[in-house]
Structure formats: C-alpha cells, structure tokens
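Remarks on the overall topology
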Amino acid sequence: MRTQVGIIGAGPAGLLLSRLLQLRGIDTVVLENRSRAYVEARIRAGILEQHTVTTLIDAGVGDRLQREGMPHDGVHLQYPGTRHHLDFAQLCGRNVWLYGQSEVVKDLIAAQLDDGPPLLFDVSDVSPEDVDGDAPRIRFTDAEGRAQVLECDVVVGADGFHGVSRPVVTAGTSGRTWERTYPYAWLGILADVAPSSDELVYAWHPDGFALLSMRSPTVSRLYLQVDPTEKIEDWSDDRIWDGLSTRFALDGWELQTGPVTEKSILPMRSFVSAPMRRGRLFLAGDAAHIVPPTGAKGLNLAVADVTLLATALTRLVQEQRTDLVDSYSDRALARVWRCTHFSWWMTSMLHRSGDDFDAELQLSQLRRVCSSEAAARELAENYTGLPVDA
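Residues numbered from 1 in each chain as written. Predicted model: local features only at pLDDT ≥ 70, side-chain atom pairs only at ≥ 80, totals over all residues. Heavy atoms only, no water.

Looking only at helices and strands, one finds 12 helices and 20 strands in the chain. For 390 residues, the compact-globule estimate of 2.2 N^0.38 gives 21 Å, and the chain sits close to it at 21 Å. A total of 390 residues make up the chain; the buried ones form 56% of that total. Once local pairs closer than 6 in sequence are excluded, the contacts in the chain between residues at least 24 apart make up 72%. On the chain, roughly 16100 Å² of surface is accessible, and the fraction owed to carbon and sulfur atoms is 47%. Across the chain, the centroid of the 38 positively charged side chains sits 4 Å from that of the 53 negatively charged ones. (Helix = DSSP H or I, 4+ residues; strand = E, 2+ residues; numbered from the N terminus. Rg over C-alpha atoms; globule rule 2.2 N^0.38 Å. Buried < 20%, exposed > 50% of the residue type's maximum accessible area, 1.4 Å probe, protein only. Contact = heavy atoms within 4.5 Å. Areas by Shrake-Rupley, 256 points an atom, 1.4 Å probe, with all protein chains shown as cover. Lys, Arg positive; Asp, Glu negative; His and termini not counted. Charge placed at Lys NZ, Arg CZ, Asp CG, Glu CD.)

What follows is the structure, encoded as structure tokens:
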C-alpha cells in the first residue's frame, strides 16, 4: 500500500487531518485499532471553541453541527448564594457550541466513507518504522488478519495517550514529559431530562465542584467532584442527584432530575510531551497532551494541532519546503501550554482540596472574576479559544 500521509488513529484529530489534507489534494490512509461502532460511541468532550466550529464548517462537515448543535454565549459561575453570568459575546465577541465529540466523529467518519480516502478499522500490530528517513512506513495487520505495509511520505500519530506513536518519538529524541495528577475525579452522568439552566453552570461548593452541562434540549450532562478512589457502583442514582442538588442549590431555582442513562468516573490529569515530532513522524491531539476537562480544551487542542499540521504538511508534500514542519512542534506546544495553564487555573479555582485556606483563596478568585470586567474577559478569551495562526 502507498499513500502520502499515513495517519494512525481515527479520533477527531486523525479524521479531521485526513479531511483537511484531502481538500488540499493530498492522499491519506487512516488506521484505527477499534471498530467503527466503538469509535462512534465514545463519550468525550462536548464544548467546541469558535475556531473548532469554523474549521468543521469550512471542511464541509458542519451541516449537522449547525442544525443540532447548541450555541452558547456564556457560562454561569456559582458559589454559595451567588450565580453570576459571564457574557462571552459581550466580553470578547465569541461564543462556544455544545455538540458532543462523538457526534463530531460520526460526521467525520460519514464524510470519509462517503467520498474520502481509505479508513481502515479493526487493525492491529501497528508499528511506525524508518521515521528518521524520507520514506517511513507503517506495518499493521488488517481486519482480516493479513500483514500489511503502508509506505508513506509522512506518518502522523493521532492515536491517543496509550497509542504506539509517542513512544517512537520519545525513544528517538531528547524530549521530556510533564505530568500532574489531580487529587480528585469527576463522576459524570447522562440523564434524560431537559437542562435546568440555559447556560453551563460551574459551581464551587464546600462539598466539592459540580458542573451542569447538556447534550441536547432533552439530555443533560452533569458532573460531580469525587475522590479518585471512589467506585461507581457505590453511587446510586439517588445519591448522585442528592449530591448535585446540594451543590447547585440556589434560592428560587431547582435542579430537574430524570433517568440516568450512563455514569462513569473520570480521573483528572495534565500531561505534555515534547517534542511533537521525530523526523517524518508527527504527533497530534492526546498522543502529545492531555488536559483536565474543566477548561474544555482537549478536543479543541486536537483541532488546533491538525490545523497547524495540515498547512505544514501541505507545504512539505507539495512544495518540498520544510519551514512549517520544522516549526510545528514549537508552535503547537506554545498553544498547548497556554491551554494547559488555563485548564489548571479553572481546575484549581473550582475544586475543593479540603484545605480551608485554599477555599478562601478560591472564593476570592471567583469574586474577582465575577466583579472585574478585565478578569472576566481573560476567562472568556481563553474559554472561547485563542486564535490559531496556521
């Protein structure tokens, strides 16, 4: 098999990169070790920055997003006795959209299988080789159990934190990694109940953080801060709703409850690996970095990565110019660290650690954001997404 860009991973990063390169006349093959059903069912992020929405629409995969997605002009910040609305449109002239990552993936897969380049599911034994030269390859076993070799000009690892690509990069470079594991986790649920608020609610409470989000006008997505050692089987639906009702409590307002259709516990961590390139192998998305979900940056960082990478690879493949691929890692990491800081800041401001001194600092910060236009604008600019200079 032969292609120009071999992409490992059919998550949003790999699929969107394939789409962007296709529109620029560059051939790709996407390899995925899971089934299509598994990939489309993975529940992940749901908040899209303005740049992400624009990129998907410009790539021709935004029709359903525009029909079914939910634009939001702000969020509510809450602490006991106070719920304050931050108007993003007024503060920075941008907004965000609520549209599940699984729906983005479905749209990208449908486009790929309709008129796009090859997308192979259920592959195994994937191994990038000879990435330091000009003719790298990917060895893999296809869904029928046959050994295959994909010859490429470039390999892109968009295969997530546990993928095979990052170890190849780190083994051949003098790079390093940074990691922080947070002392709390999120218990997340999907519930068949209309959202109780017009906008997302980020709530600080002495018992811990809570987030009210949504997936549609009839489906709510809610999160509750828990200890990372908690077991999901110890949390009945009634216990979850009681915890959420306590943390969102506000005079004159009531949390609406309904049947819980899914629940899980999500550990929280930050992780960055540098560089994001070794020779002709490039990393994008979770293969290179992970952020806690508080800042809603994971999917959006992946889109920013592939926006930069698509332009850089186009120049390399079509013009044999290396300037943009040579600077890709530094440019991508500059944005990664900015978003990593914002995600850390949001996480640190809203999650209870059990320390009363920290609690007073958190409340002071929340009051500052809710009373200062400058502080509110800083949050709004970061939350809705900083520009991507491709």
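Taken as a whole, the second largest pocket encloses approximately 240 Å³ of empty space. Along the wall of the second largest pocket there are 15 residues; nearest its centre are Gly100, Ser102, Glu103, Arg215 and Ser216. Within the residue set of the lining of the second largest pocket, elements represented by two or more residues are helix H4 (63-68), helix H6 (101-115) and strand E15 (210-216). For the lining of the second largest pocket, the element with the most residues is H6, which contributes 3 residues. Of the residues assigned to the lining of the second largest pocket, the class counts are 6 nonpolar, 4 polar and 5 charged. (1 Å grid on protein atoms, 1.4 Å probe; cavity = no way out; pocket = protein on both sides within 12 Å on 5 of 7 lines; lining within 4 Å. Points joined across faces, edges and corners; volume = space filled by probe spheres on them. Nonpolar A, V, L, I, M, F, W, Y, C, P; charged D, E, K, R; others polar.)

Counted under the stated rule, the structure contains 25 salt bridges. For Arg2, the salt bridge identified is with Asp153, shortest N-O distance 2.9 Å. Here Arg2 is found in the segment before strand E1 (5-8), whereas its partner Asp153 is found in the loop between strand E11 (147-151) and strand E12 (154-157), with 151 residues between them in sequence. Note on Arg2: relative accessible area 53%, which makes it exposed. (Salt bridge = Lys/Arg side-chain N within 4 Å of Asp/Glu carboxyl O.)

Our next topic: the side chain of Arg335. Looking at the element boundaries, Arg335 is found in helix H10 (residues 323-350). The class of Arg335 is buried, set by a relative accessible area of 10%. Excluding residues within four positions of it along the chain, Arg335 makes contact with Glu49, Asn300, Leu301, Ala304, Gly385, Leu386, Pro387 and Val388.

If you look at the biggest cluster of nonpolar residues, it comprises 74 residues, and the most contacted ones within it are Leu48 and Leu313. No other element matches helix H9 (residues 298-319), which puts 13 residues into this core. If we ignore the near neighbours within four places in the chain, the residues touching Leu313 are Val5, Leu21, Ile26, Val154, Val156, Phe282 and Val325. Formed by 56 residues, the second largest nonpolar core is a distinct cluster that contains Leu91, Cys92, Ile189 and Tyr202. (Core = buried A, V, L, I, M, F, W, Y, C linked by side-chain atoms within 4.5 Å.)

For the rest of this paragraph, the subject is the environment of Cys152. Structurally, Cys152 can be placed in the loop between E11 and E12. Accessibility expressed as a relative area gives 2% for Cys152, which makes it buried. Note: C-alpha distance between Cys152 and Val29 (123 residues apart in sequence) is 9.3 Å. Beyond its immediate stretch of four places on either side in the chain, Cys152 contacts Arg2, Thr3, Gln4, Gly6, Asp134, Ala135, Pro136 and Ile138.

The mixed open sheet is built from 8 strands, whose spatial order is E6-E5-E14-E15-E16-E13-E17-E20. Two strands close off the open sheet at either side, each with one partner strand: strand E6 (82-87) and strand E20 (289-290). Relative to E15, strand E14 (residues 200-203) is paired through 3 bridges, and the arrangement is antiparallel. Pairing of Val201 across the sheet is with Leu212, part of E15. (Pairing = 2+ DSSP bridges.)

Two elements in contact, H9 and H10, have axes separated by 9 Å at closest approach and are oriented at 170°. As summarised for this structure, H9 and H10 are arranged roughly antiparallel, according to the angle between their axes. Every residue of H10 that contacts H9 at Asn300, Leu301, Ala304, Asp305, Leu308, Leu309, Thr311, Ala312, Leu313, Arg315 and Leu316 is listed here: Asp323, Leu324, Val325, Tyr328, Arg331, Ala332, Arg335, Val336 and Cys339. In terms of residue class, the contact of H9 with H10 is made up of 13 nonpolar, 2 polar and 5 charged. (Axes fitted to C-alpha atoms, helices over the stretch in contact; angles between N-to-C directions. Parallel < 35°, antiparallel > 145°, perpendicular 65-115°, else oblique.)

What follows is about helix H1 (residues 12-23). Taking 1.5 Å per residue, 12 residues should reach 16 Å; H1 reaches 16 Å between its end C-alpha atoms and fits that length. With respect to burial, H1 is a largely interior element, 10 of its 12 residues being buried. Every buried residue of H1 is listed here: Pro12, Ala13, Gly14, Leu15, Leu16, Leu17, Ser18, Arg19, Leu20 and Leu21. Of the residues one or two after H1, Gly25 is the one with positive phi, at around 80°. (Expected span 1.5 Å × (residues − 1).)

For the rest of this paragraph, the subject is unusual backbone geometry. The omega torsion across Ala274 and Pro275 is 0°, close enough to zero to call that bond cis. The residue Pro275 is located in the loop between strand E17 (260-274) and strand E18 (277-278) in this model. Of note, the phi angle at Asp122 is positive, near 60°, even though the residue is not glycine. Within the secondary structure layout, Asp122 lies in the loop between strand E8 (119-120) and strand E9 (124-129). Taking the relative accessible area as the measure of exposure, Asp122 reaches 40% and is therefore partly exposed. Here Ala296, not a glycine, exhibits a phi torsion of approximately 60°, which is positive. With respect to the element layout, Ala296 can be found in the loop between E20 and H9.

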